[in-house]
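Structural overview
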Amino acid sequence: MAQKTDYFGLSRLVSLILTIIPITNLVCGFLTRLQEGRIVAAILRVVLGWNIIWIADIISMIFRGRIIRLLNF
């Protein structure tokens, strides 16, 4: 059975593909953080998501299978 990851419980491979594409990374990351109830973190993803968060998400998804979380409170 495939391991479930951050993006809506999708498999790790599908989540990695969604992470590599910048637009889907921004949208899925934003929606994931909103689902968790972290509004400030979702806003930061939109502001910083085009470069800093996108690269960090790719690296994190490859090695850990999870997107990066800046604010976890």
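In this report, we go over the structure that sits alongside the text. Values in this document were obtained by computation on a predicted structure and should not be read as measured data.

We now examine the environment of Gly49. Position of Gly49 among the secondary structure elements: in the loop between helix 3 (39-48) and helix 4 (52-63). By relative accessible area, which is 8% here, Gly49 ends up buried. Separated by 24 residues in the primary sequence, Gly49 and Asn25 place their C-alpha atoms 8.1 Å from one another. Those residues in contact with Gly49, other than ones at most four positions away along the chain, are Leu26, Leu44 and Trp54.

All right, on to the packing of helix 2 (residues 22-35) against helix 3 then. Relative orientation of the contacting elements helix 2 and helix 3 amounts to 170 degrees, with a least axis distance of 8 Å. Relative to helix 3, helix 2 is oriented roughly antiparallel. Taken together, the residues of helix 3 that come into contact with helix 2 (itself represented by Asn25, Leu26, Gly29, Phe30, Arg33 and Leu34) are Ile39, Ala41, Ala42, Ile43, Arg45 and Val46. Considering only residue class, the contact of helix 2 with helix 3 consists of 8 nonpolar, 2 polar and 2 charged.

Right, let's talk about the environment of Ile21 for a bit. Position of Ile21 relative to the elements: it lies in the loop between helix 1 (12-20) and helix 2. As a C-alpha pair, Ile21 and Ile58 span 37 residues in sequence and 9.6 Å in three-dimensional space.

Evaluated as defined, the whole model comprises 1 cavity of 30 Å³ or more. In this structure, the largest cavity encloses a volume near 60 Å³. Considering each element in turn, the lining of the largest cavity owes the most residues, 3 residues, to helix 3. Here the lining of the largest cavity is composed, by residue class, of 6 nonpolar, no polar and 3 charged.

Assignment of secondary structure puts Asn25 in helix 2. With a relative accessible area of 2%, Asn25 lands in the buried category. One polar contact links Asn25 to Tyr7, side chain to side chain, over a distance of 2.9 Å.

On to the pattern of salt bridges. For the coordinates displayed, the defined rule picks out 3 salt bridges. Note that Glu36 is salt-bridged to Arg33, the shortest N-O span being 2.4 Å. With relative accessibility at 1%, the residue Arg33 sits in the buried group. For the salt bridge of Arg69 with Glu36, the shortest nitrogen-to-oxygen distance reads 2.4 Å. Taken together, the positions of Arg69 in the segment after helix 4 and Glu36 in the loop between helix 2 and helix 3 put the pair 33 residues apart, joining distant regions of the chain. Its relative accessible area of 16% is what places Arg69 among the buried residues. Sharing partners across several salt bridges, the network here consists of Arg33, Glu36 and Arg69.

The rules we used
- Residues numbered from 1 in each chain as written.
- Predicted model: local features only at pLDDT ≥ 70, side-chain atom pairs only at ≥ 80, totals over all residues.
- Heavy atoms only, no water.
- Helix = DSSP H or I, 4+ residues; strand = E, 2+ residues; numbered from the N terminus.
- Buried < 20%, exposed > 50% of the residue type's maximum accessible area, 1.4 Å probe, protein only.
- Contact = heavy atoms within 4.5 Å.
- Axes fitted to C-alpha atoms, helices over the stretch in contact; angles between N-to-C directions.
- Parallel < 35°, antiparallel > 145°, perpendicular 65-115°, else oblique.
- Nonpolar A, V, L, I, M, F, W, Y, C, P; charged D, E, K, R; others polar.
- 1 Å grid on protein atoms, 1.4 Å probe; cavity = no way out; pocket = protein on both sides within 12 Å on 5 of 7 lines; lining within 4 Å.
- Points joined across faces, edges and corners; volume = space filled by probe spheres on them.
- Polar contact = N/O pair within 3.5 Å; in protein donor to acceptor, adjacent residues only side chain to side chain.
- Salt bridge = Lys/Arg side-chain N within 4 Å of Asp/Glu carboxyl O.

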